[in-house]
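Chains, contacts and geometry: an overview
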Amino acid sequence: MVDSDVATIQAVLRGEIDRYAVLVNKYQQPALRLAFSFLGNYEDAKDASQDAFVRAYQALGRFRRDAKFSTWFYRIVVNICKDAWKRRARRPHIVAQVGAVQCATPDGVTMFIDVDDPAAGPREQLANRELGRRLSDAIGLLPMKQRTAFLLHHVHGLPLDEVAPVMGCRTGTVKSHLFRATERLRVSLAPWIAQGGHG
Amino acid sequence: MNFVDWFRAWLLAHPLKPPAEHDAACYTIEVMQRVRALHQPATRPAAILHWLSWPQLSFAAAVATMAVVLVTMVSLRHRTFQLARAVVQDARVIEALDESPLEPSTQEQDPELLAREAAFVDALQLAEVQPGASSSDEQWLEETVQLLEQLDEDVPPDSSGSAS
């Protein structure tokens, strides 16, 4: 997979511009979800992820062949999202949302974690929806570095050795951020978990 | 089950999905349009012309400003020369006519009036002389009376009518 990315990048650098669409098709979903987890708004996430693709194209000549394109590209996405977050200077209304599309908030924020689980009973769906709401609030209160590490590792499933170059720090530092973020979330969600709401 | 394991299990059971309104094909087209726009040759000449046009405009504006300043300076200097030449000509005309407009003309005054004023001034000077300077008070009084009589004779009858 990495070799195919490198071959595509070499073709683009040779002048075959249209081959860049292969990378856009391949990475647009993770880029959009990653941006959405930071910005909490579909339009902002779309703009940020598209800006990341354009910026990655402009810097494609500086991409090192021994690195993974996904890691290099995710770092661009995260940096653009951080800049957009600072410019906006306000918290997203919802970082994660549980439920169907019809549960979108009146201000147009769409879902982030889609758990429209038909197999679950009404009580379990209600509990999951409540968990999603509490989780959204708790993640939104995390410091930026802890939030970045938590989202990349736990929500988007990146391994630690890939989260570290995306965040531009050591693996041990990522572990520290993850530990602190998990502790904060545990404290925030403890009352709800103690009531057995998590099923 | 600890919190992390439970949370991971929960996320595995509820994987992320993109927003329902996301159109992957449209997304790719929009990105590729922006990428191709970076290579459009029409944009570069326009940008170059834009940057090349401003020095020409500035140069033209500078030339026009210099021309206006030059014409203004030449016209002012020409008017100054004309004014100086006119002053010199007027001075020569005045010199030729032997006129001195700054000195008052004494020839136009009446000679009789000037004589009367001189006599009056002499009388005043004589009246202001200290009494001790003459030989005696009587002689001084006689001279004063004579002078006053002489003054009464010099004064025309129209002006002395009100006094008598």
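Residues numbered from 1 in each chain as written. Chains lettered and ligands numbered in written order. Predicted model: local features only at pLDDT ≥ 70, side-chain atom pairs only at ≥ 80, totals over all residues.

Considering the overall build of chain A
- When helices and strands are tallied, chain A shows eight helices and zero strands.
- Each helix and strand of chain A, placed in order from N terminus to C terminus, yields the pattern α-α-α-α-α-α-α-α.
- Counting over 199 residues, chain A shows a buried share of 38%.
- Pairs at least 24 apart in sequence give 57% of the contacts found in chain A among residues at least 6 apart. (Helix = DSSP H or I, 4+ residues; strand = E, 2+ residues; numbered from the N terminus. Buried ≥ 20, exposed ≤ 12 C-beta atoms within 10 Å, placed from the backbone. Contact = placed C-beta atoms within 7 Å.)

Brief notes about the packing of helix α4 (residues 111–127) of chain B against helix α5 (residues 137–154) of chain B
All names here are of chain B.
- The interhelical angle for the contact between α4 and α5, taken along N-to-C directions, is 160°, at an axis separation of 11 Å. Classified by the angle between their axes, α4 and α5 sit roughly antiparallel to one another. Relative to α5, α4 is oriented so that their crossing is left-handed. Where α4 approaches α5, its residues R116, A119, A123 and L126 are matched on the opposing element by L147, L151 and D154.
- Along the lines of polarity and charge, the residues of the contact of α4 with α5 split into five nonpolar, no polar and two charged. (Axes fitted to C-alpha atoms, helices over the stretch in contact; angles between N-to-C directions. Parallel < 35°, antiparallel > 145°, perpendicular 65-115°, else oblique. Left-handed = near helix turned anticlockwise from the far one by under 90°. Nonpolar A, V, L, I, M, F, W, Y, C, P; charged D, E, K, R; others polar.)

Some remarks on the packing of helix α6 (residues 144–155) of chain A against helix α7 (residues 160–167) of chain A
All names here are of chain A.
- Packing of α6 against α7 brings their axes to within 10 Å, and their N-to-C directions diverge by 140°. The orientation of α6 relative to α7 falls into the category oblique. For the element pair α6 and α7, the recorded crossing hand is right-handed. Residue-level contacts link T148, A149, L152 and H153 of α6 to L160, V163, V166 and M167 of α7.
- Residue classes in the contact of α6 with α7 are distributed as six nonpolar, two polar and no charged.

Focus on the environment of S136(A)
Residues and elements named next belong to chain A.
- In this structure, S136 sits in helix α5 (residues 122–140).
- The exposure class of S136 is buried, given the 21 C-beta atoms found within 10 Å.
- Through-space distance from the C-alpha of S136 to that of G40 is 9.6 Å; in sequence the pair is 96 residues apart.

Regarding the confidence of the model for chain A
All names here are of chain A.
- The pLDDT averaged across chain A works out to 80; a share of 79% of its residues lies at or above 70.
- Considering each helix and strand of chain A separately, the mean pLDDT is smallest for α5, with a value of 76, and largest for helix α3 (residues 42–58), with 93.
- Here residues 99–112 scores under 50 on pLDDT; set against residues more than four positions off or in separate chains, the count is 32 contacts. (pLDDT = per-residue confidence, 0-100.)

Looking at α6(A)
Residue and element names in this part refer to chain A.
- With respect to burial, α6 is a largely interior element, nine of its 12 residues being buried.
- Where α6 is concerned, the buried positions are Q146, R147, T148, A149, F150, L151, L152, H153 and V155.
- Directly after α6, the chain includes G157, whose backbone phi takes a positive value near 75°.

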